[in-house]
Each structure stands twice: as structure tokens, then as C-alpha cells.
Amino acid sequence: LAQAIITQLLHAAADAIAMGSSSSTEVKGPTVLEDKYYPEWIKNPENIKDLTGRVALITGVSTSSGLGFYATKALASKGAQCVI
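Residues numbered from 1 in each chain as written. Predicted model: local features only at pLDDT ≥ 70, side-chain atom pairs only at ≥ 80, totals over all residues. Heavy atoms only, no water.

K.L.:
How would you sum up the overall build of the protein chain? Please name residues and give values.
P.N.:
When you go through the protein chain residue by residue, the secondary structure sums to 3 helices and 2 strands. Along the protein chain, helices and strands appear, N-terminal first, in the series α-α-β-α-β. Per-residue burial for the protein chain yields a buried fraction of 19% across its 84 residues. Counting only contacts in the protein chain whose residues sit at least 6 apart along the sequence, the fraction spanning at least 24 positions is 74%. (Helix = DSSP H or I, 4+ residues; strand = E, 2+ residues; numbered from the N terminus. Buried < 20%, exposed > 50% of the residue type's maximum accessible area, 1.4 Å probe, protein only. Contact = heavy atoms within 4.5 Å.)

K.L.:
Quick one: what's the story with the packing of aromatic side chains, residue by residue and with numbers?
P.N.:
Counted according to the given criterion, the structure contains 1 aromatic pair. Aromatic side chains Phe69 and Tyr70 sit 5.1 Å apart centroid to centroid with 80° between the ring planes, which places their arrangement in the edge-to-face category. Considered together, Phe69 and Tyr70 belong to a single accessibility category, that of buried residues. (Phe/Tyr/Trp six-rings, centres within 6.5 Å; stacked < 30°, edge-to-face > 60°.)

K.L.:
Tell me about the nonpolar core, and please be specific about residues and values.
P.N.:
Among the nonpolar cores identified, the biggest contains 7 residues, and these are Ile48, Leu51, Ala56, Ile58, Ala74, Leu75 and Ala80. With residues near it in sequence (within four places) discarded, Leu75 still touches Trp41, Ile48, Leu51, Ala56, Ile58, Ala80 and Cys82. (Core = buried A, V, L, I, M, F, W, Y, C linked by side-chain atoms within 4.5 Å.)

K.L.:
How would you sum up helix 3 (residues 67–77)? Please name residues and give values.
P.N.:
Every buried residue of helix 3 is accounted for by Gly68, Phe69, Tyr70, Ala71, Thr72, Ala74 and Leu75. Here the buried face of helix 3 lies against helix 2 (40–43), strand 1 (55–57) and strand 2 (81–83). Looking one or two places after helix 3, you find Gly79, whose phi comes out positive at around 100°.

K.L.:
Can you tell me about the confidence of the model for the protein chain, naming the residues and giving the values?
P.N.:
Counting all residues, the mean pLDDT for the protein chain is 76, and 67% of those residues have values of 70 or more. When mean pLDDT is taken per element in the protein chain, strand 1 scores highest with 90 and helix 1 (residues 2–18) scores lowest with 70. (pLDDT = per-residue confidence, 0-100.)

K.L.:
I'd like to hear about a nonpolar patch on the surface, residue by residue, with values.
P.N.:
Together, Ile5, Ile6, Leu9, Leu10, Val55 and Leu57 give the surface a local cluster of nonpolar side chains, amounting to about 460 Å² of exposed area. Examining the composition of the nonpolar patch, we find that 4 residues originate from one element, helix 1, more than from any other. (Patch = residues over 30% accessible without salt bridge, like charges linked within 9 Å, V, L, I, M, F, W, Y side chains within 5 Å. Areas by Shrake-Rupley, 256 points an atom, 1.4 Å probe, with all protein chains shown as cover. Salt bridge = Lys/Arg side-chain N within 4 Å of Asp/Glu carboxyl O.)

K.L.:
Any chance you could break down the environment of Leu9 for me, citing the residues and the numbers?
P.N.:
Here Leu9 shows up in helix 1. A relative accessible area of 40% places Leu9 in the partly exposed class. Sequence spacing of Leu9 and Ile84 is 75 residues, and the spatial spacing of their C-alpha atoms is 9.9 Å.

Dropping the structure here:
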């Protein structure tokens, strides 16, 4: 069941991207990561390779101060289409 749901989400994301439906609303949040437990790739997204044309499915973006928020911000900054 979980695999079917993920497959549906990925197909919906691909369809939305193909139709040009993307929301590029700027989201405001804390500018400094204060938690020492955040992964290094989130703290320094310049080390992430170019993700243009890739889709990232992000879960857990319920606040603008958590791991999901910063993961989305880091991946989008490298060109990924983020589906949250």
C-alpha cells in the first residue's frame, strides 16, 4: 500500500511539473541553523550536486523551523523540484 501511495505521489508530481504547475512562493523561516544535529548537507548546500530536472519528495514539512523545511530549501536551491 505504501509503495502504491508513493508511486501515485511521484506520478502526480511529474504531471504537475510537466504542466508547469509549480508554486515558487518564497517561504520565510529562521536564517541560521542552530541545531548541531542537522546533517552537514543541509547546513552547507553548496556541496550538493546540481539537481536540475530531479524531483525530491519531502515529508515532514509542518513548520518553517524543522528538518523538512531546511531539506526542501537546500534541495530547491540546487534546482530540484520539491514536492512536500
